[in-house]
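Tertiary structure, described
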Amino acid sequence: MDPNQFYFRGGKDSKEQSISPPPPQRTGSASSVHKSGHVINHGHRSSFAENLRGLPPSPRNQRHPSFTQSAIQDLLNHPPAPRSQNPRFAGRDWRDIAVGELVSKDDVTWVEMDTSVQDATMALLKNTSSNVVVVREDATYSTPISTFDYNDLNAYILVVVGLAHPSDDLVELYDTLAKKAQARMNIPLRDIQPICRKESLVTLQGDEDLTKAIEVFGSGVHQLLVADQNGELIGILSQLKLIEFFWNEGVNFRVIDELYPRLLRDVGVGSQQIIAVNADSPLTEALNLMSQEGLSSVAVVDNGLNVIGNISTADVKHLTNATSLPLLQNTCIHFISIILTENGVEKGKDSFPVFYVNPYSTLAHTVAKLVATHSHRMWIVESASPSPSAPGTPSLGPTVFVPTPSSSQTSLTGSHFPSGPPASTLPGSHLSGRLIGVVTLTDILNLFAKGTGLNPSDPSEQRARRRRSSSASVRPSIESSRASLDIRR
C-alpha cells in the first residue's frame, strides 16, 4: 500500500494538544459574554514624568474580567455560530423531501468481487465522502451485492495478523487468509465475504420521501443505497448525512427542531450499557471489541473510568502500511497520541476532539458535537448538577464492560507493550468525567422517527446482526452483566 498513507510518530515527540473549539450551534447564544471597558486601577497614581511621556497604562489595568465557571459551561453548551440555510429546503416539510435530494452520484465508488482487498482499501481511503465502497459482481453489472467499509477492513486486519477469533466453521478460512497475506498474495473481496458480517443492505428509490429513510435509520441501519427508477445507483445516504441535514436545516422543520433545546436526561435517549477499553490495554483489544460487537467505536478510559479518548474503526486507516504494525503491539493511549499527531500534521494545528457530553447537555449540543466530529456516538459522562435541587447523576448505575487482555486475545508473538504517555497527560482527561452512558446516531434518529409518528423497528436486531458470533466464546454477554458494574483491565 502507499507508504504516504501513514506517518509514524512516537507519542513522546508529539506536542501538547490543545482543546478544539466547541462545535457550532445553529443559533446564537442567549447568554453571550460582552466585552467590558478598561479597568482603571485607582490605587496607582501616575507620576508627573509618566503623564508627560504619555506611557500606556499597565497591561494589568487593561484585563477583561475572567469568565466564571458557569459562563464557560454555558458557552460550551450554547456556542454562538450563525449559519445560512439552503433555500432549496426553506419552508418545506421534511416529509415532502425526496431521498434523492440528499445524495450525489459522486459518492459512489465501485469495486468488483475479484478486486483485491488492497485495491479496495485504497478506494476506501480515497472515498472520504461516504467512507464505503460498493461491491458488484463485475464491471458489466450495475447491481450492488455488498459493500466494503472500515468495519470490514478492521476484521480483515485482525485475521491476517492472527488476532481474530473465528467460529469453528471459519477456522480453516482464517488460517488460509493469514497464510496468503503473509505470502503477499492478492486476496479478492470474494474470499473475505464470510468475515464481513453485514447489516441489512437496504436500497430506496430516489423519489421516496425522508420518512422511509428515517424509519430505516431509526431501526439501526447505518447506511442505505439510493437508486433511480431504472435501478441505477445514484448515491449513498448514511445516518450521519441525515443527521447533518436535520441539523443544518432543522429550523425549517418545527417538529424536530422543538426537540433540540431539551436535555439528554429528559428526552430519554442513550444507553447505560457501555463497552469501553482501558487506556493501558493493547490496541488489538479495542479492534477486537469493535469487530466482535459490531461497533464503530469504543471509549478509552483510565482506571477511574474517566473518558480520555475514542477509537473508531475509521482509525484503522492508520494501520494500512507494514510500518504501522508496531502500533498493534502498543497501547490504546499510545495509538490515540498517534492519531492526535496525525491530525495536527494534516490540519496544520493541534486539536483534541471532544467525544463526550453529560446528562445536562442539550440534544442540540449533542447533535452539534456528532456533526463536528463525524462520530457515530457520544459518550455520556458524569457531571455536577447545574441546580442544587437536582441530582448530580442518574439514579441508576451504568454497566461498563472494560475487558481484561486475557478475555479477548493473546498478544502478537514475541510482542511487548511499551509504555505510552500517561493517561493524565492527554488534555481530555482533565475535562471529561466518569463514563456513565452512550448516545448514538441510531438513538437520535429513532427519537426523531417516533416523535413524528413513525414506527421504527427495534435497533437491537441490527446490532445483533453486526455482532460477531465468536464474541460469545470470548467474553460474557453484556446482557448477562446488566445488573452489575463490570470494571476490569
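The structure presented is a predicted model; accordingly, all values stated were derived computationally and were not measured. (Residues numbered from 1 in each chain as written. Predicted model: local features only at pLDDT ≥ 70, side-chain atom pairs only at ≥ 80, totals over all residues. Heavy atoms only, no water.)

Topic: the sheet that holds strand 11 (residues 377-381)
This is how it is decided: Strand pairing follows a simple DSSP-based rule, namely that at least 2 bridges must link the two strands. The way it works is that DSSP assigns letters per residue, a run of H or I at least four long becomes a helix, a run of E at least two long becomes a strand, and they are numbered from the N terminus.
Taken in spatial order, the three strands of this open sheet run 10-11-13, and their pairing is mixed. The sheet is open, and its two borders are formed by strand 10 (356-357) and strand 13 (435-440), each paired with just one other strand. Bridge count between strand 10 and strand 11: two bridges; the pairing is parallel. Residue pairing for strand 11: Tyr356 is matched across the bridge by Trp379.

Considering the pattern of salt bridges
Using the following cut-off: What makes a salt bridge here is a side-chain nitrogen of Lys or Arg within 4 Å of a carboxyl oxygen of Asp or Glu, nothing more. Classification of residues uses two cut-offs on accessible area relative to the type maximum, computed with a 1.4 Å probe and protein chains only: under 20% is buried, over 50% is exposed, and between them is partly exposed.
All chains considered together, the criterion is met by 10 salt bridges. Residues Glu137 and Arg190 are paired through a salt bridge, measuring 2.9 Å at the closest nitrogen-oxygen approach. In this pair, Glu137 sits in the loop between strand 2 (132-136) and strand 3 (146-149) while Arg190 sits in helix 6 (residues 189-192), placing the two residues 53 residues apart along the sequence. Judged by relative accessible area, Glu137 falls into the partly exposed class, the value being 28%. Residue Lys180 is joined to Asp191 by a salt bridge in which the shortest nitrogen-to-oxygen separation is 3.6 Å. Of this pair, Lys180 sits in helix 5 (residues 171-182) while Asp191 is found in helix 6, placing the two residues 11 residues apart along the sequence. When its relative accessible area of 25% is taken as the criterion, Lys180 is described as partly exposed.

Quick notes on the sheet that holds strand 3
Put simply, the test is: Helix axes are fitted only over the stretch in contact, all axes being lines through C-alpha atoms; the angle between N-to-C directions runs from 0 to 180 degrees. Residues count as neighbours in contact if any of their non-hydrogen atoms are within 4.5 Å of one another.
Sheet architecture is open: three strands sit in the order 1-2-3, paired in mixed fashion. Bordering the open sheet on either side are strand 1 (110-112) and strand 3, each of which pairs with just one other strand. Across the sheet, the mean angle from the axis of one strand to that of its neighbour is 40°, orientation sign disregarded. In this sheet, strand 3 lies alongside strand 2 in antiparallel orientation, the contact comprising four bridges. Paired with Val132 across the bridge in strand 3 is Asp149. Of the strands in this sheet, strand 1, strand 2 and strand 3 touch helix 3 (residues 117-126), which is tilted by about 75° from strand 3.

Here's the deal with the pairing of strand 13
Of all six residues in strand 13, six are buried; the element is thus mostly enclosed. Bridge analysis of strand 11 against strand 13 gives five bridges, and the strand direction is antiparallel. Within strand 13, the residue paired with Val381 across the bridge is Leu435.

Overview of the packing of aromatic side chains
Both the distance between ring centres and the angle between the ring planes are used here to describe each pair of aromatic rings. We count it as follows: Classification of ring pairs rests on two measures: the distance between centres of Phe, Tyr or Trp rings, Trp counted by its six-membered ring, which must be within 6.5 Å, and the angle between planes, read as stacked under 30 degrees, edge-to-face over 60 and tilted in between.
The final tally for this structure, using the stated rule, is eight aromatic pairs. Ring geometry for Phe246 and Phe448: centres 5.7 Å apart, planes at 80°, overall edge-to-face. With Phe246 in helix 8 (residues 239-249) and Phe448 in helix 15 (residues 441-451), the pair connects residues that are 202 residues apart, well separated along the chain. Judged by its relative accessible area of 1%, Phe246 is buried. By the ring-pair criterion, three or more aromatic residues cluster together here, those being Phe89, Trp94, Phe245, Phe246, Trp247, Phe253, Tyr260 and Phe448.

Remarks on unusual backbone geometry
Positive phi is not limited to glycine here, since Asn131 has a value of about 55°. Locating Asn131 in the fold gives a position in the loop between helix 3 and strand 2. Among the residues examined, Asn131 registers a relative accessible area of 37% and is labelled partly exposed. Residue His374 is not a glycine yet carries a positive backbone phi of 55°.

Here we look at helix 15
Burial of helix 15 is extensive: nine of the 11 residues sit out of reach of the surface. Within helix 15, the full set of buried residues consists of Leu441, Thr442, Asp443, Ile444, Leu445, Asn446, Leu447, Phe448 and Ala449. Directly beyond the C-terminal end of helix 15, a positive phi value near 85° is found at Gly453.

A word on the packing of helix 14 (residues 363-373) against helix 15
Two measures define how a pair of helices packs: the angle their axes make with one another and the distance between the axes. This is how it is decided: Oblique is the label for any angle not under 35 degrees, not over 145, and not in the 65 to 115 range, which are roughly parallel, roughly antiparallel and roughly perpendicular in turn. Whether a crossing is left-handed or right-handed is set by the direction in which the near helix is turned from the far one by less than a right angle, anticlockwise for left-handed and clockwise for right-handed. Residues are grouped as follows: Ala, Val, Leu, Ile, Met, Phe, Trp, Tyr, Cys and Pro are nonpolar; Asp, Glu, Lys and Arg are charged; every other residue, Gly included, is polar.
At a minimum axis distance of 11 Å, the contact between helix 14 and helix 15 shows a crossing angle of 130°. Relative to helix 15, helix 14 is oriented oblique. Taken as a pair, helix 14 and helix 15 cross one another with a handedness that is left-handed. Here helix 14 contributes Leu363, Val367 and Leu370 to the contact with helix 15, which in turn contributes Leu441, Ile444, Leu447 and Phe448. Considered class by class, the residues forming the contact of helix 14 with helix 15 number seven nonpolar, no polar and no charged.

Details of the environment of Asp119
By the secondary structure assignment, Asp119 is in helix 3. Between the alpha carbons of Asp119 and Leu189 there is a distance of 9.7 Å; along the sequence they are 70 residues apart.

What about the packing of helix 7 (residues 210-218) against helix 15?
Where helix 7 contacts helix 15, the two axes come as close as 8 Å, and the packing angle between them is 135°. Here helix 7 is positioned oblique relative to helix 15, judged by the angle of their axes. Pair helix 7 / helix 15 crosses with left-handed handedness. Contacts from Ile214, Phe217 and Gly218 in helix 7 reach Thr442, Leu445, Asn446, Phe448 and Ala449 in helix 15.

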